[in-house]
Amino acid sequence: MKTSNTIEQEINRIRLEIYEETKNLTPAQRVERTNKIAEVAAQKYGFKIVASAKEKTQE
């Protein structure tokens, strides 16, 4: 079982890994990266990405 200390260490490791991957990206590249990650998650879990929370769905 992981302790809160090892969980915190893992979170910090992941945070630093993401920082290293993104530190030299332009704002546009960051947006593109985030959108790609979101698209993969949407497909995997079956949710729909909308441009705005105010966007109405047509059913």
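Undergrad: I would appreciate a short explanation of the pattern of salt bridges in the present structure.
TA: One pass over the structure, following the stated rule, counts four salt bridges. Across the pair Lys23 and Glu20 runs a salt bridge, and its minimum N-O distance is 2.9 Å. Overall, the relative accessible area of 37% leaves Lys23 in the partly exposed class. Take Glu20: its relative accessible area is 48%, and that puts it in the partly exposed class. The salt bridge partner of Glu32 is Lys36, with a shortest N-O separation of 3.2 Å.

Undergrad: It is not clear to me how helix 2 (residues 27-45) should be interpreted in this structure. Could you clarify?
TA: Helical geometry: 3.6 residues make up each α-helical turn, so side chains three or four residues apart lie on a common side. The first and last C-alpha atoms of helix 2 sit 27 Å apart over 19 residues, in line with the 27 Å expected at 1.5 Å per residue. At the exit of helix 2 stands Gly46, carrying a positive phi of roughly 75°.

Conventions used here
- Residues numbered from 1 in each chain as written.
- Predicted model: local features only at pLDDT ≥ 70, side-chain atom pairs only at ≥ 80, totals over all residues.
- Heavy atoms only, no water.
- Salt bridge = Lys/Arg side-chain N within 4 Å of Asp/Glu carboxyl O.
- Buried < 20%, exposed > 50% of the residue type's maximum accessible area, 1.4 Å probe, protein only.
- Helix = DSSP H or I, 4+ residues; strand = E, 2+ residues; numbered from the N terminus.
- Expected span 1.5 Å × (residues − 1).

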